[in-house]
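Single-letter residue listing:
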Amino acid sequence: MSEALKNKNRQYKHGFVTEIEQETFPKGLNESIIRQISARKNEPPFLLDFRLKAYNWWKAQPHPNWAALDIPPIDFDEISYFSAPKSVLDGPKSLDEVDPELLRTFDRLGVPLHERERLAGVAVDAVFDSVSVGTTHSEMLEEHGIIFCSFSEAAQKHPELIQKYLGRVVPPTDNFYAALNSAVFSDGSFVYVPKGVKCPIDLSTYFRINASNTGQFERTLIIAEEGASVSYVEGCTAPMRDNNQLHAAIVELLALDDASIKYSTVQNWYGGDEEGRGGIYNFVIKRGRCEGQRSHISWTQVEAGSAITWKYPSVILKGNDSVGEFYSVALTNNRMQADTGTKMVHIGKNTRSTIVSKGISCEESRNSYRGLVRISPGAENARNFSQCDSMLVGDTSSANTFPYLEVHNPTAIIEHEATTSRISDDQLFYLQSRGLDAEGAVSLLVNGFCKEVFKTLPLEFSVEAVKLLEMKLEHSVG
Amino acid sequence: MSILKIEGLCARVVDGPDILKGIDLAVEEGQIHAVMGPNGSGKSTLARVLAGHPDYEVTRGKVLYHHDGEWLDLTEMEPHERATAGVFMAFQYPVEIPGVSNLHFLQTAFNAQCRAQGIPELDAFEFRELVAEKQKLIEMDASYLDREVNLDFSGGEKKRNEILQMAILNPRLALLDETDSGLDVDSLRIVAEGVQKLQTPRNAMLLITHYQRMLRYITPDVVHVLADGRILRTGDHTLAEEVENRGYEWVRQP
Ligand SMILES: Nc1ncnc2c1ncn2[C@@H]1O[C@H](COP(=O)(O)OP(=O)(O)OP(=O)(O)O)[C@@H](O)[C@H]1O
Ligand SMILES: [Mg+2]
């Protein structure tokens, strides 16, 4: 990384590189690479099969281009599909055996893994490039019958669950990136909460990209059985580099009768510099399926990083009386682009969904909300409420809203509100006249704008989210 | 000792004609000055220029503010620097800040000023105590603290909220722009008495008002009558009575 780049991006505190010996596969994507990934992870044969099928479908697909995004052509043969610290390669060990350099890295990121310092109310799975480094609190969770481990570990220890549920919510042939991820996915988390169990602490995964020219293909699967409930949080960062890197993830959630899953993301991948050089391409498929009656899936996302963010955490409301929620804050600055939103697909009767989206665009960034609400013919008495607000900071940024509605049942009640605003000079002056500097004033206004979303985050993460936005805005004002 | 010296101040909306056309005004510590004048005469403009509103530019003259033993040129300072140096303006039309609770806003402002002045900030607990004490001064109900700043406040409640901010920030120079308008009789008395209690020998106030109503509770040391961007008359509190009895036309007569 150039010295100039380093200086310009002081505000990105997570931009350091961990010096550690890694094994990285040669660049390029072909069957042999996929077989090697699967072999490296000691996967059961059905998974290799799953990967190869996805790969063969993917090969024939064109790159999608329907989003309001400028995506430079991606050469999938210029990416390495697997990279892991040598010390972790023999599979996840107990935390005492983890390379101290890796522990230090996660310490620096504010995610201590060691027994002594780790966060009390949160269990953490720490993923470094393509592998999980370790998972905290797993014994305690086991006592409740909850499985929380890396996806790779689950593939070995609980193959029957993986085989049963993998790809059920997001089939490998769903779209281009679904197939790519299904072919080459690296690591992520697996959560299984059995019948009637309320997970006593928050679960979280911290994703770290370290290696350069490597893609990260997260795969996460969360299952809540009848009456179970769980709150899961995801965080992510990467070093500052001049080139772009791909993070193409799939997250699948499945909620059975009366189950509830709350999934929160605080995304702070490196977003590139002022000229738009570098940064992560964050192309993510997140989908939840409210399979059971009265089940509940709630997405909250705070998207504050990445050169390009392209994701629509969605809920399929299959069970009668099920509830889907999407709360989003997307902040873009410099030349970042975001095209994000949600899909709420109402299938069951009396299903309800809520969408609250807050987009903030600064400098020359572009920020679009794209959302679909579909009411299927059988979805009697479905209800949706959507609120999409955009805030422009400065006058070179842009914001768009693309709400799509497909209503096939006349009993549906749908409300949609949208606003676009600029921070008014009078508001700024009012706050400044009370002693806040311009940055403090904008950040208070933005936090007020995002309040409805922040209050859905678990407390400690909402504090983090507020700080994160403050840090991002510091350099976008004045 | 002097706290504020305005000399030949002319100001306009950026690129417009002058609204203030040569204001001279000197305020001493411990004094209360009343500024009266017809609609559109430039009273709010004067307050906003002193507080640093970005819509206005000073085309001539000086605004000197005595702070920590030296004279500062206010016009060269950012609005927040003026605030942390002890200048406070109660707005004629207070601004709404959606999504931000009144308490959080007050604490953020208070702590920003503590930081700027190099004194320790208060934690949430200590701050609540301070607020509770100041609220009594203007008999404001605690429920306003959890509401969003000025959102759906009645006109009178907004004015009270301005004075609550003043009580908490404890300014050295307070500019009150028509704090008395929009208040019913009882509120007027409570707010005026509150303001009076905030007066000390070390601070000073500029009360902008149309009426004598507020001046019945707070006796100004000096009264100025502003018309068409100029101070036409200056006198003691009897000038306010005279204006009330005879109208502004009388002031305009040579
Ligand atoms: N931001 C602005 N843009 C355009 N014109 C302005 C602006 N501010 C003040 N003016 C004009 O300057 C003049 C003085 O306005 P100002 O608000 O200072 O009057 P005022 O004495 O406070 O009146 P009132 O008693 O009605 O509050 C008016 O003619 C007003 O229209
Ligand atoms: Mg006025």
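Cut-off values and rules
Each chain carries its own residue numbering, running from 1 in the direction its sequence is written. The lettering of chains begins at A and the numbering of ligands begins at 1, in the order of writing. Totals for whole chains, interfaces and linings use every residue, but because this is a predicted model, local features are given only for residues with pLDDT of at least 70 and side-chain atom pairs only at 80 or more, for both listing and counting. By convention in this description, side-chain values take in all heavy atoms of the structure and omit both hydrogens and water. Any Phe, Tyr or Trp ring, taking Trp's six-membered ring, that has another such ring centre within 6.5 Å forms a pair; planes under 30 degrees apart are called stacked, those over 60 apart edge-to-face, and the others tilted. Secondary structure is summarised from DSSP: a helix means a run of H or I of at least four residues, a strand means a run of E of at least two, and numbering begins at the N terminus for each. Buried means the residue's accessible area, taken with a 1.4 Å probe over protein chains only, is under 20% of the maximum for its type, while exposed means over 50%, and partly exposed covers the values in between. Orientation is described by axes fitted as lines to C-alpha atoms, over the contacting stretch for helices, and by angles from 0 to 180 degrees between their N-to-C directions. Helix crossings get a hand from a simple test, with the near helix turned counterclockwise from the far one by less than a right angle marking a left-handed crossing and a clockwise turn marking a right-handed one. Contact criterion: two residues are considered in contact whenever any of their non-hydrogen atoms come within 4.5 Å of each other. Residue polarity is assigned by list, with Asp, Glu, Lys and Arg as charged and Ala, Val, Leu, Ile, Met, Phe, Trp, Tyr, Cys and Pro as nonpolar; anything else, Gly included, falls into the polar class. Here the term cavity refers to a set of points on a 1 Å grid, laid over the protein atoms alone, in which a 1.4 Å probe fits but cannot get out; the term pocket refers to an open set having protein on both sides within 12 Å along at least five of seven lines, with lining residues being those that place an atom within 4 Å of a point. Grid points are joined across faces, edges and corners, and a volume is the space filled by probe spheres set on the points.

1. Some points on the packing of aromatic side chains
Piece 1. Inspection of every chain in the model, using the stated rule, returns 25 aromatic pairs over all chains.
Piece 2. Ring centres of Tyr177(A) and Phe283(A) lie 5.1 Å apart, and the angle between their planes is 70 degrees; on these two criteria the pair is classed as edge-to-face. Of this pair, Tyr177(A) sits in helix α8 (residues 176–184) while Phe283(A) sits in strand β12 (residues 279–290), placing them 106 residues apart in sequence.
Piece 3. Owing to a relative accessible area of 5%, Tyr177(A) belongs among the buried residues under this scheme.
Piece 4. A residue is classified by how much of its surface remains accessible, and Phe283(A), at 2% relative accessible area, is buried.
Piece 5. With a centroid separation of 5.4 Å and 50 degrees between ring planes, the pair formed by Phe110(B) and Phe127(B) is classed as tilted. On the criterion of sequence distance, the pair formed by Phe110(B) in helix α3 (residues 102–117) and Phe127(B) in helix α4 (residues 124–137) is long-range, its members being 17 residues apart.

2. Brief notes about the packing of helix α3 (residues 45–59) of chain A against α8(A)
Residues and elements named next belong to chain A.
Piece 1. One can describe the packing of α3 onto α8 by two numbers: an axis separation of 7 Å at closest approach and a directional angle of 145 degrees. Relative to α8, the crossing made by α3 is left-handed. When α3 is examined against α8, the residues Phe-50, Arg-51, Ala-54, Tyr-55, Trp-57 and Trp-58 are found in contact with a partner set consisting of Phe-176, Ala-179, Leu-180, Ser-182, Ala-183 and Val-184.
Piece 2. Class assignment of the residues belonging to the contact of α3 with α8 gives a composition of 10 nonpolar, one polar and one charged.

3. Section: the layout of surface pockets
To find leftover empty space, one rolls a probe the size of a water molecule over the atoms.
Piece 1. The space that makes up the largest pocket amounts to roughly 830 Å³.
Piece 2. Every residue lining the largest pocket is counted, 31 residues in all, and those nearest its centre are Leu444(A), Asn447(A), Glu470(A), His104(B) and Thr108(B).
Piece 3. Contributions of two or more residues to the lining of the largest pocket are made by α10 (438–449), α11 (451–454) and α12 (459–474) of chain A together with α2 (79–84), β7 (97–101) and α3 of chain B.
Piece 4. Ranked by residues supplied to the lining of the largest pocket, first place goes to α3(B) with seven residues.
Piece 5. Its residues assigned to classes, the lining of the largest pocket comprises eight nonpolar, 14 polar and nine charged.
Piece 6. Put simply, the second largest pocket is a space of about 660 Å³.
Piece 7. If you go around the second largest pocket, you meet 26 residues; those closest to its centre are His14(A), Leu109(A), Gly110(A), Tyr206(A) and Glu464(A).

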